[in-house]
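Below are the chains, spelled out letter by letter.
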Amino acid sequence: MLRINDEAPNFTAETSQGTINFHEWVGDNWAVLFSHPKDFTPVCTTELGYMAGLAPEFAKRNCKIIGLSVDPVANHSKWAVDIEETQGHKVTYPMIGDPRLEVAKLYNMLPAESGDTCQGRTAADNAAVRTVFVVGPDKKIKLMLVYPMTTGRNFDEVLRVLDSMQLTAKHKVATPANWKPGDDVIIAGSVSDEEAKQKYPNGWKAPRPYLRIVAQPK
């Protein structure tokens, strides 16, 4: 099973924008890989369209987007027309074709005994291929979210978590429940009080010794 901080498995695959090597494609960026059980499915259509609308926000954060569907790339271009017409946003990020189920298996979204073709498989057969992976510039998995087929994913939440992860990667802080950019943060437990005094000379709020709250670092 894949876990947080595992290296994201590398692969070479055909996409709607040509062949890619995943790690090379990520480069020095962050990346969101989100998967779909089949083309021309209703919930996924709304998700791909919403992500297309959010693409500029991810780009501001040096984060690439890539989709995956357990269908051939040739189907993706036809689906993209439907997505743009029904959702109002053009899909400008690449979509991986996974007709041999190789990437879905590599990322533990389908078991090894699932066969080696998408032919004859329904969306229900591929129901587990509904995961969001956020990968860091170090090619390690920073986040995994798995959703059922009937529940559309919250990509505003993915953006919020990306903001948190980028902030906490730069500063020795953590973000509390429901944190949003600009809210107060928590001094990381790895930071001693002495070190914290140097970094935050104006002090902090501490309802408990282990809960030290300060303004978000700039």
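Up top you'll find the structure we're talking about.
Since the model is a prediction, treat every value here as computed from it, not as a measurement. Sequence order as written defines residue numbering, which begins from 1 separately in each chain. A pLDDT threshold of at least 70 governs which residues receive local features in this predicted model, and a stricter bar of 80 or more applies before side-chain atom pairs are shown or counted, although totals over entire chains, interfaces and linings include all residues. Values shown for side chains rest on all heavy atoms present in the structure; no hydrogens or waters enter the calculation.

(A) Just the pattern of salt bridges, in detail. When a carboxyl oxygen of Asp or Glu is within 4 Å of a side-chain nitrogen of Lys or Arg, the pair counts as a salt bridge. Throughout the structure, instances matching the rule amount to 15 salt bridges. Of the charged contacts, one joins Glu47 and Arg130 as a salt bridge, the two residues approaching to 2.6 Å between their closest N and O atoms. Of this pair, Glu47 sits in helix H2 (residues 42-60) while Arg130 is found in the loop between helix H4 (102-106) and strand S6 (131-135), placing the two residues 83 residues apart along the sequence. Burial classes follow relative accessibility: with a 1.4 Å probe on protein chains only, a residue under 20% of its type's maximum area counts as buried, one over 50% as exposed, and anything between as partly exposed. The buried category is assigned to Arg130, whose relative accessible area is 1%. A salt bridge links Lys197 to Glu194, with the shortest nitrogen-to-oxygen separation between them at 3.5 Å. With Lys197 and Glu194 both in helix H6 (residues 193-199) and 3 residues apart, this pair spans about one turn of that helix. Judged by its relative accessible area of 47%, Lys197 is partly exposed. Secondary structure elements follow DSSP: runs of H or I of four or more residues count as helices, runs of E of two or more count as strands, with numbering from the N terminus.

(B) Seen up close, the layout of surface pockets. Within this model, the largest pocket holds a volume of roughly 200 Å³. Ranked by residue count, the leading element in the lining of the largest pocket is helix H3 (residues 73-87), at 6 residues. Considering only residue class, the lining of the largest pocket consists of 7 nonpolar, 4 polar and 2 charged. Think of a 1 Å grid over the protein atoms and nothing else: a 1.4 Å probe that fits but is trapped marks a cavity, an open set flanked by protein within 12 Å on at least five of seven lines marks a pocket, and residues with an atom within 4 Å of a point count as lining. Grid points are joined across faces, edges and corners, and a volume is the space filled by probe spheres set on the points. As a volume, the second largest pocket reaches approximately 170 Å³. Lining the second largest pocket we find Trp25, Asn29, Ala55, Phe58, Ala59, Asn62, Cys63, Lys64, Ile65, Thr92, Tyr93 and Pro94. Elements that contribute at least two residues to the lining of the second largest pocket include exactly H2 and strand S4 (63-69). Nonpolar residues are Ala, Val, Leu, Ile, Met, Phe, Trp, Tyr, Cys and Pro. Charged residues are Asp, Glu, Lys and Arg, and all others, Gly as well, are polar.

Shape descriptors only; they carry no functional weight alone.
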